[in-house]
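# Structural features, examined
Chain by chain, the residues run as shown.
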2 protein chains.
Amino acid sequence: MASQPNRHPSPNHYDIVIVGAGPVGLMLSTCLARWGYKIKHIDNRPEPTATGRADGIQPRSLDLLRNMGLKSAIMAHKPARVYEVAFWDPPKNGKGIVRTGTWASCPSFIDARYPFTTLLHQGHIERVFIGDLEKNGVKIQRPWTIKGFTSNEKENPDYPVSVELEHVDGTFKESVKAKYLFGGEGARSFIRDQLKIGIKHKDPIAYVWGVMDGVVKTDFPDIKMKCTIHSENGSIMVIPREDNMVRLYIQIASSSDPDFNPRKTASVEEVQASAKRILQPYSIEWERVEWYSVYPIGQGIADKYTIDHRVFLGGDACHTHSPKAGQGMNTAFLDALNLAWKIHAVEAGFAKRSVLETYESERKDVAETLLAFDNKYAKLFSQRPPAANEVAAASDHSSNQPSQEEENEFIKTFKESCEFTSGYGVAYKPNALNWSPSHPAQSHLILAHPESTRLRPGRLLANADVTRVVDANVVHLEQEVPLNGSFRLFVFGGNPALPGQAQALRDLASGMAKKGSFYAAYALPDADRVVSHHERHNPHSRFFTVCTVLAAPRARIEIASDLPHLLARYREHVYADDRWDRRVPDARAAAHAKMGLDQDRGGVVVVRPDGYVGIVVALQEGGATVDALNAYFGAFVTKELGGTQALL
Amino acid sequence: MASQPNRHPSPNHYDIVIVGAGPVGLMLSTCLARWGYKIKHIDNRPEPTATGRADGIQPRSLDLLRNMGLKSAIMAHKPARVYEVAFWDPPKNGKGIVRTGTWASCPSFIDARYPFTTLLHQGHIERVFIGDLEKNGVKIQRPWTIKGFTSNEKENPDYPVSVELEHVDGTFKESVKAKYLFGGEGARSFIRDQLKIGIKHKDPIAYVWGVMDGVVKTDFPDIKMKCTIHSENGSIMVIPREDNMVRLYIQIASSSDPDFNPRKTASVEEVQASAKRILQPYSIEWERVEWYSVYPIGQGIADKYTIDHRVFLGGDACHTHSPKAGQGMNTAFLDALNLAWKIHAVEAGFAKRSVLETYESERKDVAETLLAFDNKYAKLFSQRPPAANEVAAASDHSSNQPSQEEENEFIKTFKESCEFTSGYGVAYKPNALNWSPSHPAQSHLILAHPESTRLRPGRLLANADVTRVVDANVVHLEQEVPLNGSFRLFVFGGNPALPGQAQALRDLASGMAKKGSFYAAYALPDADRVVSHHERHNPHSRFFTVCTVLAAPRARIEIASDLPHLLARYREHVYADDRWDRRVPDARAAAHAKMGLDQDRGGVVVVRPDGYVGIVVALQEGGATVDALNAYFGAFVTKELGGTQALL
């Protein structure tokens, strides 16, 4: 068991060595530390990020941080919140710039809990993770670097990775053994280079940008908004920050310039002078500059994320792109989360080692989509202002939705990309974890057709408010299971008063309790004796947390008598689907309706430990529901499951 | 200015000496420390509360804590949240107990942002305040006590109070001079005794109760809810707590017992045995007892809260009552808040000294109401279970709203009292601060009639969501001005596209800017030069923060061109009333509608620094709006105001 610290043969044996304490390394480390793994985590910087770098937390990442219990520590820094993006362009006639439109950065069709981007200095975010790591006994070793590593599973099947570490001044060295090595060292990854993994560059067009964080005095009205400004004097992106700061991205050179030089640079004063020209007729003065940097936009993607599924890469080591869509940190978080739960599933004995292969396939596909988007977005952003007749006619400010004719390509790209930039557009493709018609699990109960459920395997669970029965608290269903590394089984029980529904729940529970079911096969043998009765999430098994949602008012639900014992044991995960929701105003059971499930008959939703839907199965009397679930899990777990044989 | 620390003649001169670091003393100290006052704060306990005592934060108090920026630190302790109360009684036939009903603890008609009671150990709450005090340079001196004091305004008009302080072990002594002395020492107040202020006891009926905090194992289904349980074996109140704890209040003796003895006591084991009998047929076992205490219920109220308006009392020193309605800490907070802003208004030179007289009149009236309620509530709670025919017929759980016939008197009292217990029922009576037809301000523009506005002087401002124009953030309007000691002027501008509305705003601003207006009379003479352009709340004056709310979509509002300069200067307090609200689904401008203001014509709402409405005035072209405001403020400020003469 990963939670036994002394199970390693010696003090220099670790479950994982993590190199780099930026967003990707910290997220991986934090997850694995919470789940009981022994970690060696190093970073070559003496301290966390002091200024600058990434700062945008997308809505979906905020969901994740809340699920980890870290959101409030982030929000305590009073970050800026971007709800809308404003577009500024040259006016049809005359000089200067005018606002040609605004657009919600996370429009309501996305149904986000937090429909805004959170802007906060990366150092604050890193420190929140570091504080959490320390609670779990992990201290980042600084400033240390990696000097070499080997990986050989045949020679040493238990700890195949050997790693040489060194203090950056060369005074101290350490040799450690590990089950895994993770490279989260950023774009210039030593580990990637050693593995001879190449970078594919996506586009020859290049730009040089300056980025400046500071405090300004200006009469530009949208200085607290995210803005993209095109003027005949150049382009700027404005991003509000905490503590009255603002970040400006200013274009310094473009490969379309006649004298383009990718090493072109500019001083703080030159960039400020350029910003002043672009913002005319508005004035801008700097009271303080906190950070300034010049960088060329390079877009690249690593050919591989791993070679042997022991040494992995993630974050900027795998994909680099322009920072302006605010995707870097968010993609890094999701890389790490994706890998973390799969390592856990394998090392805790639940999943076959082959699930590790889905890390690269799932995350590289997301990175490809990100780069394609970023490329399009950055290109548009870096363009010279379009000709006057291309520019939006002075928008009608009465509407957030300019008509198609009014939209230039930039705005169109931006709008199309809202779902993607907010983090909800990520969709993992079919594989052993995400059901599809070609998945080994086949059953008429699998709800796979658009008319059967709105949930899609590989996509996030929909948000829904429900009432927790045990204490009548109104809660966010999708947040009820913390990031505990377990699969989340959401049993939507439908209307318990209808004939057959109670029996369907009893049959589900007895099927799950049967020897050889996906659930019983991984239950602790003596759970009732060894697990505290206060345990909310994992009373029987480390690998499952079970939530039951009934389409009935809270006051009509008696957990002990209405639910079979297995479901009732998760007594703090029994919910009444009795909250009104504006998005489904006529539904009797809004959570059922938002999932696209029948409000009377319900269904069973399997959600992966990272929050993405794995499969949706109908809830019926008899054994077929559990058979379908056995078939789904049977495709990737270590044990042969009861019902699988019959189905295949 | 209070913010100049060296303005006192010597190090042993203070603005105020505060005795007692429970909720009332800490709230007072925290407010005054933030506003720059020099405080000597002592407590005779060596440390904050370790276990037990008050633990219920009512919805209105949570609003206040959020307004102070302290809510998230409280919520970080993961307190229990009570959304509903369950009533358990003997069944109509047979033995044991059955649930006869449940009721929302803060029903939706109250429109609370946080419709639940927050349960958290008082020590955690105290430490949040202590942390905030330390940020402002105030450290509580422990364990120190007060040995004596005198107060003589004639002899020493500047520092009339002399206080003798001593370490509890008598080793050290200090003599200090102060402008004020505050007794927040609890029910056994030395200061109250010295002032020879009597306590009026409200009721001869007495009960003895045991209170026990602990962790239990039970099959009682509502152990995570607030419950009142009446059985033939006695009565219990159940209150959930953080960290899997539960508090039980168990009746030990009643004056209706034949052998009643108010000094009767009971051991932990006796109380546990009694609880087991009451909860039958359910079982309960204690895994851990954290705190246990026995106390008689005594209800009393101090005859006076002050004698000379220099030495004040608050909190339990003024009113004691049963803890079961969870009112103690909340009433203490509001006592302190009420006094704090009035001391500030007087000491900063804004208000006449006579506003201090409203502390006792406002808060004693609230305490009288609380005691009348508590008395009724406690009496019912302590009663023997009602006869079977009085007990609610087995409630229809399908509805949270049992029919009138089904309700016994206890449930009825409880329901009637929801508004009061949630903290929103407090209504201050007419006086110089709360406009009424007998107030010196008289104008046809004052919106005093039920049909003109839903807001009532002496009541809290209604909640409303609006969009902040400068950054498009969706915000809670009532929370937008932090607890800064300033009056909050909410200018609801109506529909700016209608003829006359823009002119009305211009006339308001120019009237406010006129020498001798309530606003200009207290503006900093050189504000534009000495106040940072980043100052959001008090760019012109310490005594006012001005918010403007326009009934228009955000994208149509240009602050610089649509608003007169005075209002535009509060650029982070300009809002679009463009959010849909379920409570006024058909409104075009929901915030205007929730205030009961005309959605086209708006109005001006003056909110006291503690969040209670002072007056509501129509917004009209010409000088009458400012005249009416001048007349309102003229009744209690130190300077003679321009328009007052003409009106009276």
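Residues numbered from 1 in each chain as written. Chains lettered and ligands numbered in written order. Predicted model: local features only at pLDDT ≥ 70, side-chain atom pairs only at ≥ 80, totals over all residues. Heavy atoms only, no water.

The name that an unreviewed UniProt entry assigns to chain A is Phenol hydroxylase-like protein, with the source organism given as Canariomyces notabilis. As stated in UniProt under Sequence similarities (unreviewed entry), the record for chain A gives "Belongs to the PheA/TfdB FAD monooxygenase family." (UniProt positions renumbered as here; feature names shortened; annotations may be inferred.)

### Quick notes on the overall build of chain A
When its secondary structure is counted, chain A shows 17 helices and 26 strands. Relative to its length of 648 residues, chain A is compact, with a C-alpha radius of gyration of 26 Å against a globular reference of 26 Å. A principal-axis box enclosing the C-alpha atoms of chain A has dimensions of 75 × 65 × 40 Å. The proportion of buried residues among the 648 residues of chain A is 62%. Across chain A, every contact between residues at least 6 apart in sequence was considered, and the portion connecting residues at least 24 apart equals 73%. (Helix = DSSP H or I, 4+ residues; strand = E, 2+ residues; numbered from the N terminus. Rg over C-alpha atoms; globule rule 2.2 N^0.38 Å. Buried < 20%, exposed > 50% of the residue type's maximum accessible area, 1.4 Å probe, protein only. Contact = heavy atoms within 4.5 Å.)

### Concerning empty space enclosed by the protein
Residues and elements named next belong to chain B. For the structure shown, the criterion picks out eight cavities of 30 Å³ or more. Computed from the structure, the largest cavity encloses a volume of approximately 110 Å³. Taken together, 14 residues form the lining of the largest cavity, with Gln-327, Thr-331, Leu-334, Gly-423 and Val-426 sitting closest to its centre. Breaking the lining of the largest cavity down by element, the ones donating at least two residues are helix H2 (59–67), helix H7 (328–347) and helix H8 (357–382). Class assignment for the residues of the lining of the largest cavity results in five nonpolar, seven polar and two charged. (1 Å grid on protein atoms, 1.4 Å probe; cavity = no way out; pocket = protein on both sides within 12 Å on 5 of 7 lines; lining within 4 Å. Points joined across faces, edges and corners; volume = space filled by probe spheres on them. Nonpolar A, V, L, I, M, F, W, Y, C, P; charged D, E, K, R; others polar.)

### A short note on the confidence of the model for chain A
Residues and elements named next belong to chain A. A residue-level look at chain A finds 91% of positions with pLDDT of 70 or above and a mean pLDDT of 89. Predicted confidence for residues 384–406 stays below pLDDT 50, and this span has 30 contacts to residues more than four positions away or in other chains. Here residues 644–648 is modelled with pLDDT under 50, and outside its nearest four sequence neighbours on either side it reaches nine contacts, counting other chains as well. As a predicted assembly, this complex carries a pTM of 0.92 together with an ipTM value of 0.90. (pLDDT = per-residue confidence, 0-100.)

### Brief notes about the environment of B:Gly642
All names here are of chain B. Following the sequence through the fold, Gly-642 ends up in the loop between helix H16 (624–634) and helix H17 (644–647). Overall, the relative accessible area of 49% leaves Gly-642 in the partly exposed class. Sequence separation of Gly-642 and Ala-521 is 121 residues, and the distance between their C-alpha atoms is 9.0 Å.

### What to know about the pairing of strand E13 (residues 226–231) of chain A
Residues and elements named next belong to chain A. Most of E13 sits out of view: six of its six residues are buried. Of the two faces of E13, both are covered, the one formed by Lys-226, Thr-228 and His-230 as well as the one formed by Cys-227, Ile-229 and Ser-231. Of the strand pairs in this sheet, strand E5 (residues 84–89) and E13 are connected by four bridges, and their pairing is parallel. From the neighbouring strand, Val-85 faces E13, where its bridge partner is Lys-226. As paired elements, E13 and strand E14 (residues 234–240) share five bridges and run antiparallel to each other. Bridge pairing in E14 links His-230 to Ser-235. Counted between consecutive antiparallel strands, the loop separating E13 from E14 contains two residues. (Pairing = 2+ DSSP bridges.)

### Topic: helix H1 (residues 23–34) of chain B
All names here are of chain B. Here H1 spans 16 Å end to end across twelve residues, near enough to the 16 Å set by a 1.5 Å rise per residue. Of all twelve residues in H1, eleven are buried, a share of seventy percent or more. For H1, the complete set of buried residues consists of Pro-23, Val-24, Gly-25, Leu-26, Met-27, Leu-28, Ser-29, Thr-30, Cys-31, Leu-32 and Ala-33. Residues of H1 that are buried sit in contact with strand E1 (13–19), strand E2 (39–42), H2, helix H4 (122–135), strand E10 (173–183) and H7. Of the residues flanking the end of H1, it is Gly-36, one or two places downstream, whose phi is positive at about 95°. (Expected span 1.5 Å × (residues − 1).)

### Focus on the domain arrangement of chain A
Residue and element names in this part refer to chain A. Split into domains, chain A comes out as domain 1 (5–55 + 63–70 + 121–198 + 300–376), domain 2 (80–119 + 207–296 + 383–425) and domain 3 (465–647). Taken together, the 17 residues of domain 1 in the interface contact 21 residues of domain 2. Both sides of the domain 1 and domain 2 interface together cover about 1,700 Å² of buried area, and 54% of this is carbon and sulfur. The interface formed by domain 1 and domain 2 contains zero salt bridges. Linking domain 1 to domain 2 there are three residue pairs in polar contact (both at pLDDT 80 or more). (Domains from an automatic or database assignment. Buried area = accessible area lost by both parts, 1.4 Å probe. Salt bridge = Lys/Arg side-chain N within 4 Å of Asp/Glu carboxyl O. Polar contact = N/O pair within 3.5 Å; in protein donor to acceptor, adjacent residues only side chain to side chain.)

### Thoughts on the sheet that holds strand E6 (residues 98–104) of chain A
In any sheet, the strands associate via hydrogen bonds between backbone groups, in a parallel or an antiparallel arrangement. All names here are of chain A. Read from one edge of the open sheet, seven strands run E6-E5-E13-E14-E15-E12-E16, paired in mixed fashion. Two strands bound the open sheet, and with one partner strand each, they are E6 and strand E16 (284–296). On average, adjacent strands in this sheet sit at an angle of 20° to one another, irrespective of strand direction. Pairing of strand E12 (residues 207–218) with strand E15 (residues 246–254) involves eight bridges; the strand directions are antiparallel. Across the sheet, residue Met-212 finds its bridge partner in E15, namely Leu-248. (Axes fitted to C-alpha atoms, helices over the stretch in contact; angles between N-to-C directions.)

### Considerations on the packing of helix H2 (residues 59–67) of chain A against helix H7 (residues 328–347) of chain A
All names here are of chain A. Contact geometry of H2 with H7 gives a least axis separation of 10 Å together with a crossing angle of 45°. Judged by the angle between their axes, H2 and H7 are oblique. Handedness of the H2/H7 crossing: left-handed. Seen from H2, the contacting residues are Arg-60, Ser-61 and Leu-64; seen from H7, they are Asn-330, Phe-333, Leu-334 and Leu-337. (Parallel < 35°, antiparallel > 145°, perpendicular 65-115°, else oblique. Left-handed = near helix turned anticlockwise from the far one by under 90°.)

### Re the relation of the copies chain B and chain A
Mapping chain B onto chain A calls for a screw motion: a turn of 180° about the axis and a shift of 0.0 Å along it, with 0.0 Å RMSD after fitting. This pairing of chains is accounted for by a two-fold axis. The position closest to the rotation axis in chain B is occupied by the C-alpha of B:Ser72, lying 3.6 Å away. (Least-squares fit on C-alpha atoms with pLDDT ≥ 70 in both.)

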